[in-house]
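Spelled out from the first residue to the last, the chains are:
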2 protein chains.
Amino acid sequence: MSVQGYQRKLDLENGRVDLSHGAGGRAMAQLISSLFHRAFGNEWLARCNDQSAFDVATGKMVMTTDGYVVSPLFFPGGNIGSLAVHGTINDVVMSGARPLYLSASFIIEEGFQLSDLKTIADSMGEAARGAGVYIIAGDTKVVERGKADGLFISTTGIGALAHGFDLSADKAMVGDRVLVSGSLGDHGVAIMSKRHNVAFQTEIVSDSAALHDLVAVMIAAGGAGIRVMRDPTRGGLAATLNEIAHQSGLGFRLQEAAIPVKAAVAATCELFGLDPIHVANEGKLVAIVAPHLADAVLAAMKAHPLGRDAADIGETVADDHKFVQMATSFGGGRIVDWLSGEQLPRIC
Amino acid sequence: MSVQGYQRKLDLENGRVDLSHGAGGRAMAQLISSLFHRAFGNEWLARCNDQSAFDVATGKMVMTTDGYVVSPLFFPGGNIGSLAVHGTINDVVMSGARPLYLSASFIIEEGFQLSDLKTIADSMGEAARGAGVYIIAGDTKVVERGKADGLFISTTGIGALAHGFDLSADKAMVGDRVLVSGSLGDHGVAIMSKRHNVAFQTEIVSDSAALHDLVAVMIAAGGAGIRVMRDPTRGGLAATLNEIAHQSGLGFRLQEAAIPVKAAVAATCELFGLDPIHVANEGKLVAIVAPHLADAVLAAMKAHPLGRDAADIGETVADDHKFVQMATSFGGGRIVDWLSGEQLPRIC
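Residues numbered from 1 in each chain as written. Chains lettered and ligands numbered in written order. Predicted model: local features only at pLDDT ≥ 70, side-chain atom pairs only at ≥ 80, totals over all residues. Heavy atoms only, no water.

- In the annotation of an unreviewed UniProt entry, chain A is listed under the name Hydrogenase expression/formation protein HypE and assigned to Bradyrhizobium pachyrhizi.
- Under the UniProt heading Sequence similarities (unreviewed entry), the entry covering chain A gives this text: "Belongs to the HypE family." (UniProt positions renumbered as here; feature names shortened; annotations may be inferred.)

## Concerning the interface of chain B and chain A
- If you look at the interface, chain B gives 84 residues, while chain A gives 84 residues.
- Across the chain B to chain A interface the summed buried area is about 6,800 Å²; carbon plus sulfur atoms make up 51%.
- Broken down residue by residue, the surface that chain B buries against chain A is led by Q51, M63 and R234 of chain B, which jointly contribute 11%.
- Across the contact surface, chain B and chain A share 10 salt bridges.
- Note that K60 of chain A and D55 of chain B form a salt bridge whose closest N and O atoms lie 3.2 Å from each other.
- Counting the contacts that link chain B with chain A gives 51 residue pairs in polar contact (both at pLDDT 80 or more).
- Counting residues per element, the side of chain B that touches chain A draws most heavily on strand β2 (residues 59–68) of chain B, which supplies nine residues. (Contact = heavy atoms within 4.5 Å. Buried area = accessible area lost by both parts, 1.4 Å probe. Salt bridge = Lys/Arg side-chain N within 4 Å of Asp/Glu carboxyl O. Polar contact = N/O pair within 3.5 Å; in protein donor to acceptor, adjacent residues only side chain to side chain. Helix = DSSP H or I, 4+ residues; strand = E, 2+ residues; numbered from the N terminus.)

## Section: the UniProt feature "domain: PurM-like N-terminal" (unreviewed entry) in chain A
- Those places that UniProt annotates as "domain: PurM-like N-terminal" (unreviewed entry) correspond, in this numbering, to residues 54–160 of chain A.
- Segment residues 54–160 of chain A splits into 29% helix and 47% strand. End C-alpha atoms: 12 Å apart.

## Structural notes on the relation of the copies chain B and chain A
- When chain B is fitted to chain A, the residual RMSD is 0.0 Å, and the transformation amounts to a turn of 180° plus an axial shift of 0.0 Å. The superposition of one copy onto the other is thereby described by a two-fold rotation axis. (Least-squares fit on C-alpha atoms with pLDDT ≥ 70 in both.)

## Structural notes on the state of the cysteines
Residue and element names in this part refer to chain A.
- Inspection of every chain in the model, using the stated rule, returns zero disulfides over all chains.
- Counting only cysteine sulfurs, C269 is the nearest neighbor of C348, a cysteine outside any disulfide, at a range of 16 Å.
- Since its relative accessible area comes to 4%, C348 is described here as buried. (Disulfide = S-S within 2.5 Å. Buried < 20%, exposed > 50% of the residue type's maximum accessible area, 1.4 Å probe, protein only.)

## Focus on the sheet that holds strand β9 (residues 226–230) of chain B
Residues and elements named next belong to chain B.
- The strand order across the open sheet formed by seven strands is β9-β11-β8-β12-β10-β13-β14, and the pairing between neighbours is mixed. Looking along the sheet, the strands with just one partner apiece sit at the ends: β9 and β14 (333–335). Neighbour-to-neighbour, the strand axes of this sheet turn through a mean angle of 25°, independent of strand direction.
- When strand β8 (residues 177–180) meets strand β11 (residues 286–289), the two strands line up antiparallel, connected through four bridges. In the sheet register, V180 faces β11, and the bridge partner there is V286.
- Taken strand by strand, helix α7 (residues 236–248) contacts β8, β9, β10 (250–255), β11, β12 (311–318) and β13 (324–327), and its axis lies near 150° from that of β10.
- Sheet strands touched by helix α9 (residues 291–302): β8, β9, β11 and β12. Its angle to β8, the strand with the most contacts, is close to 10°. (Pairing = 2+ DSSP bridges. Axes fitted to C-alpha atoms, helices over the stretch in contact; angles between N-to-C directions.)

## Here we look at the sheet that holds strand β14 (residues 333–335) of chain A
All names here are of chain A.
- Within the open sheet, the seven strands sit side by side as β9-β11-β8-β12-β10-β13-β14. Their pairing is mixed. Since the sheet does not close on itself, it has two edges, and those belong to β9 (226–230) and β14, each with one partner. Strand after strand, the sheet turns through a mean of 25° between neighbouring axes, direction not considered.
- The sheet contact formed by strand β10 (residues 250–255) and strand β12 (residues 311–318) spans five bridges and is antiparallel. In the sheet register, L254 faces β12, and the bridge partner there is G314.

## Thoughts on the packing of aromatic side chains
- All chains considered together, the criterion is met by 13 aromatic pairs over all chains.
- Relative to F106 of chain B, the ring of F36 of chain B has its centre 4.4 Å away and its plane inclined at 35°; by these criteria the two rings are tilted. One end of the pair, F36 of chain B, is in helix α1 (residues 26–40); the other, F106 of chain B, is in strand β5 (residues 97–109), and 70 residues separate them in sequence.
- For F36 of chain B, a relative accessible area of 4% translates into the label buried.
- Under the relative-accessibility criterion, F106 of chain B is labelled buried at 2%.
- Taken together, the ring pairs in this structure connect W44, F54, Y101 and Y134 of chain A into an aromatic cluster.
- A cation sits over an aromatic face here: K141 of chain A above Y68 of chain B, 5.6 Å from the ring centre. (Phe/Tyr/Trp six-rings, centres within 6.5 Å; stacked < 30°, edge-to-face > 60°. Lys NZ or Arg CZ within 6 Å of the ring centre and 35° of its normal.)

## Considering the packing of helix α3 (residues 80–93) of chain A against helix α4 (residues 114–130) of chain A
Residue and element names in this part refer to chain A.
- Contact pair α3 / α4: the axes reach a minimum separation of 7 Å and the direction vectors enclose 30°. In terms of axis orientation, α3 runs roughly parallel to α4. Classified by chirality, the crossing of α4 by α3 is right-handed. Only I120, S123, M124, A127 and A128 of α4 make contact with α3, whose side of the interface consists of I80, G81, S82, V85, H86 and I89.
- Of the residues assigned to the contact of α3 with α4, the class counts are seven nonpolar, four polar and no charged. (Parallel < 35°, antiparallel > 145°, perpendicular 65-115°, else oblique. Left-handed = near helix turned anticlockwise from the far one by under 90°. Nonpolar A, V, L, I, M, F, W, Y, C, P; charged D, E, K, R; others polar.)

So, in structure tokens, the structure goes:
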């Protein structure tokens, strides 16, 4: 929409969001055109319709959605915007699909700094372009001061599945290997450190990243030998494996010593009484892979920048109890349960 | 996911949402399975993956998203759940597409009544089933007490366009007729009345409804003669026509006397100093239709329960200023501007 006819320029340096920016009138049109459309810039949004049309070819598509309420909004390694784009791309990608389009719904608290909103929108645009994905639909609502916590974003993603490819947790089989793409707990510990203002010699940075390209090399190496992929976000590796156990009716046997955790992350977790396998990741994946292809897939992961620290951490086993068991570094064993809640609220 | 293994049954009568319900663990899985999956019940959600796959045929699809922050959450004629489903279906439908799938992202304030959440989820399931649409992806986040206002929902919709059909505001042409599907302002006035606890002899009820079927009969009657459709939500008819004017580079000339407004809505608007053409609707549409097909489309609308009070309210005109002009009932004329903000915040 042309900016012509707006009363005055949006003050992106010192201005704040007010209720008029969510009200469907001139102020909202101005915010959308001068901030969001500029950040996301693509032909679909430029048409200014309430929906965007795109071409599809016969086959299978996937759809996924996620709300983001992370606190604080800015953290080492990203912000709520890049996180929302990465996270939703990853949920598309875990099915084996190629991510194509995103939508983004913004719920903004009155008084929110326009400069922060611009930084966040710019991060979203950059994250989307980096993954070859377009944000083709959006919505902006503003609620009164005190009725939200700065900014919430809900992103929805759609992608196209290659013919015959359709991963699902119930496809895991006994004897499959369990691969993780890198060190666990980075995102959760980065958020917590920022929240509690903990200073480290080496800053712990969120692993927030889009995994489309890593998954592409894994599929090239493992094909249909890759039975399940999932990104261990909220609840960490423990929740993810317990979910897969429930869906597949199998158990897991893990080797604690094989699970990659950065020294600084491990130390911080110990300090705060957390267990890295319960802590959220935003740029990691777990793959359940047929045993004869596991080494090839692992090698492909290690050759990719986002899989350098990938590891084979255990296997699926027949278990009516669907337990996730772990052989500890001290030679013992324990059941890895999923927590009722989470150690860290509003981690994503 | 099987409920087996959850500590105790979710207390849907007296229970409340707590932070654990958004934390990715056992409590969240329980909330999702016993409340959302039951309300939305379909084969996709039953698979419990982080994304859902569906078949598509070669052609064009559309995507749209909307956040819902309406206050109060329950109002005459619906609640935030039915509104979120109807509203997103309507945005799909306005392109001429058939709505297929929805996703829903819930951001819930700690302490929210589970019984209310169940009512809302049930309304969403019912609204979706009523339109032959499936909610195939969802997400639940919980924020601390005081960090949200009860419940926000963001819904995203996708639909399939019939071959060669792709409505867009820039397709309006000089001399097209402007049709509205019924009385204006019902939703906004219903919300406001509830908010201010205004009692009327006849309760004013939101018009919240899914317009897929009305649009189907319109397309059958008017085909490609329907150039633009849009639902006049936030900002009302005035904002919608001003948007179309900007996108098409045309002006509008309306007849005030022809615009349908219920007597009770008109009276309430007068009482509160509102103008019904600026007030939000949630079950109405505006169609810009080629003049030779306008009567046929209008007749088809009037024969449909959701278009009984449809009316031809004016025409598009050549106008470099892209003004929306209205001949008033008193014989004068005025420019219908869009407001900077909105008369009623958080109307949807």
